[in-house]
Amino acid sequence: MTDVPAGGGSTNTASAVPEKLAWDSRARRVVTIYVPLACFVVILLFPFYWMAVTAFKPDNELYDYKHYNPFLIGSPTLGHIKHLLFETHYPQWLMTTMWIAFAATAVSLFASVLAAYAIQRLRFRGSQYVGLAIYLAYLVPPTILFIPLATTIYQFGLFDSPFALILTYPTFLVPFCTWLLIGYFKSIPYELEECALIDGATRLQILRRITLPLAVPGLISAGIFSFTLSWNEFVYALAFIQSSEKKTVPVAILTELVSGDVYQWGALMAGSLLGSLPVAIFYSFFVDYYVSSLTGAVKE
């Protein structure tokens, strides 16, 4: 009769249970987190990859998928970028778009800060309804407003001028930025302003020295939102600007690089790729502030 060590089988079973639980936990994490995240990243980055591939691919590879892989570049070329930079008005389009985006963002932030502070901090009667009305104005589609705005712009003599876009973009930037800053100003302790009022500070001094320094993440978030929308706006830029050299990048690459039914795909993708870089760089510098503003955090 063979002696069996006491508890030998139970020891192996007990050690196998934690390993099985750990394996199940890792498998569950891969299925529920990493696989969906990988799919999201691929779907999100694929358009930029396709733009880059098309921008550096010669024409013979662009139109001959039987002999060339559409997802890879056989012989990279800078011809499309050279054509875009030196044979079109693209540098002027880029500078015009940047100037309009920065100016419209500055005007929108200035108006939004004053409106949000007045609605949230002055506590006048009906302030909540005013804030709601401002946000509802953001929900009005721009396609409904550009016809009466075009008449107004023409009467002021601003048609075919960048100032037409600088003055019309705040019509849809200010409502959202005001709503965003109202929520952020609400997270700032009101006692700080009460102490400043007791010490004799004016409302403008409180806004400039106390509220705005604490609201920097919110201001950056609103600025990123305004800059992005101004940069990518299409309807107003198409309706109010006619001269080729004054067009913005989203409108110019569509209207100037398409001749009838002939699409210059290499130049189109190169223009889209170069046009997206300023926004990406802008985001990369302020992404930490943008995330903190979404959480409503206030750094003391």
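Just so it is clear, the structure is predicted and the values come from calculations on it, not from any experiment.

1. A short note on the overall build of the protein
Consideration 1: Helix and strand counts for the protein stand at 14 helices and 2 strands.
Consideration 2: By element, 69% of the accessible surface of the protein is carried by carbon and sulfur atoms, the whole surface being about 18000 Å².

2. Topic: the layout of surface pockets
Consideration 1: The calculated volume of the largest pocket comes to roughly 340 Å³.
Consideration 2: For the largest pocket, the lining is made up of 17 residues, of which Phe-48, Ser-276, Leu-277, Val-279 and Ala-280 are closest to its centre.
Consideration 3: When residues of the lining of the largest pocket are traced back to their parent elements, those giving at least two are helix H1 (8-55), helix H11 (216-232), helix H13 (249-255) and helix H14 (265-294).
Consideration 4: The greatest single-element share of the lining of the largest pocket, amounting to 8 residues, is contributed by H14.
Consideration 5: A class-by-class count of the residues in the lining of the largest pocket yields 11 nonpolar, 6 polar and no charged.
Consideration 6: Put simply, the second largest pocket is a space of about 200 Å³.
Consideration 7: Surrounding the second largest pocket, Ile-119, Gln-120, Arg-123, Ser-127, Gln-128, Gly-131, Leu-132, Trp-179, Ile-182 and Lys-186 form its lining.
Consideration 8: Those elements that provide at least two residues to the lining of the second largest pocket are helix H4 (90-121), helix H5 (127-138) and helix H8 (170-186).
Consideration 9: A total of 4 residues in the lining of the second largest pocket trace back to one element, the largest contributor, which is H5.
Consideration 10: Residue composition of the lining of the second largest pocket, by class: 4 nonpolar, 4 polar and 2 charged.

3. Description of the packing of aromatic side chains
Given two aromatic rings, one states the distance between the centres and the angle between the planes to describe the pair.
Consideration 1: Taken as a whole and assessed by the stated rule, the structure comprises 15 aromatic pairs.
Consideration 2: Ring centres of Phe-46 and Tyr-49 lie 6.5 Å apart, and the angle between their planes is 40 degrees; on these two criteria the pair is classed as tilted. Remark: Tyr-49 and Phe-46 occur in helix H1; sequence separation between them is 3 residues, near one turn of the helix.
Consideration 3: A residue is classified by how much of its surface remains accessible, and Phe-46, at 36% relative accessible area, is partly exposed.
Consideration 4: Judged by relative accessible area, Tyr-49 falls into the partly exposed class, the value being 38%.
Consideration 5: When the centroid spacing of 5.6 Å and the interplanar angle of 35 degrees are considered together, the rings of Phe-227 and Trp-231 count as tilted.

4. Side note on the packing of helix H9 (residues 190-198) against helix H10 (residues 203-214)
Consideration 1: The geometry of H9 relative to H10 is characterised by a closest axis approach of 10 Å and an angle of 145 degrees between their N-to-C directions. Remark: the crossing between H9 and H10 carries right-handed chirality. Residues Tyr-190, Leu-192, Glu-193, Ala-196 and Leu-197 of H9 form the contact with H10, whose participating residues are Arg-203, Ile-206, Ile-210, Thr-211 and Leu-214.
Consideration 2: Broken down by class, the residue content of the contact of H9 with H10 amounts to 7 nonpolar, 1 polar and 2 charged.

5. Notes on the environment of Phe-124
Consideration 1: Along the chain, the position of Phe-124 falls in the loop between H4 and H5.
Consideration 2: When neighbours within four sequence positions are excluded, Phe-124 is seen to be in contact with Ala-118, Ile-119 and Val-130.

6. A word on the packing of H10 against H11
Consideration 1: Remark: H10 packs on H11, axes separated minimally by 4 Å, with the N-to-C direction vectors making an angle of 70 degrees. Considering the angle they form, H10 stands roughly perpendicular to H11. On H11, the residues that touch Leu-212, Pro-213 and Leu-214 of H10 are Val-216, Pro-217 and Leu-219.
Consideration 2: Of the residues that constitute the contact of H10 with H11, the class distribution is 6 nonpolar, no polar and no charged.

7. Here's the deal with a nonpolar patch on the surface
Consideration 1: Judged by side-chain polarity, Leu-37, Phe-40, Val-41, Leu-44, Leu-45 and Phe-48 come together as a nonpolar surface patch covering roughly 570 Å² of accessible area.
Consideration 2: Secondary-structure assignment places Leu-44 in helix H1.
Consideration 3: For Leu-44, a relative accessible area of 46% translates into the label partly exposed.

What counts and what doesn't
- Residues numbered from 1 in each chain as written.
- Predicted model: local features only at pLDDT ≥ 70, side-chain atom pairs only at ≥ 80, totals over all residues.
- Heavy atoms only, no water.
- Helix = DSSP H or I, 4+ residues; strand = E, 2+ residues; numbered from the N terminus.
- Areas by Shrake-Rupley, 256 points an atom, 1.4 Å probe, with all protein chains shown as cover.
- 1 Å grid on protein atoms, 1.4 Å probe; cavity = no way out; pocket = protein on both sides within 12 Å on 5 of 7 lines; lining within 4 Å.
- Points joined across faces, edges and corners; volume = space filled by probe spheres on them.
- Nonpolar A, V, L, I, M, F, W, Y, C, P; charged D, E, K, R; others polar.
- Phe/Tyr/Trp six-rings, centres within 6.5 Å; stacked < 30°, edge-to-face > 60°.
- Buried < 20%, exposed > 50% of the residue type's maximum accessible area, 1.4 Å probe, protein only.
- Axes fitted to C-alpha atoms, helices over the stretch in contact; angles between N-to-C directions.
- Left-handed = near helix turned anticlockwise from the far one by under 90°.
- Contact = heavy atoms within 4.5 Å.
- Parallel < 35°, antiparallel > 145°, perpendicular 65-115°, else oblique.
- Patch = residues over 30% accessible without salt bridge, like charges linked within 9 Å, V, L, I, M, F, W, Y side chains within 5 Å.
- Salt bridge = Lys/Arg side-chain N within 4 Å of Asp/Glu carboxyl O.

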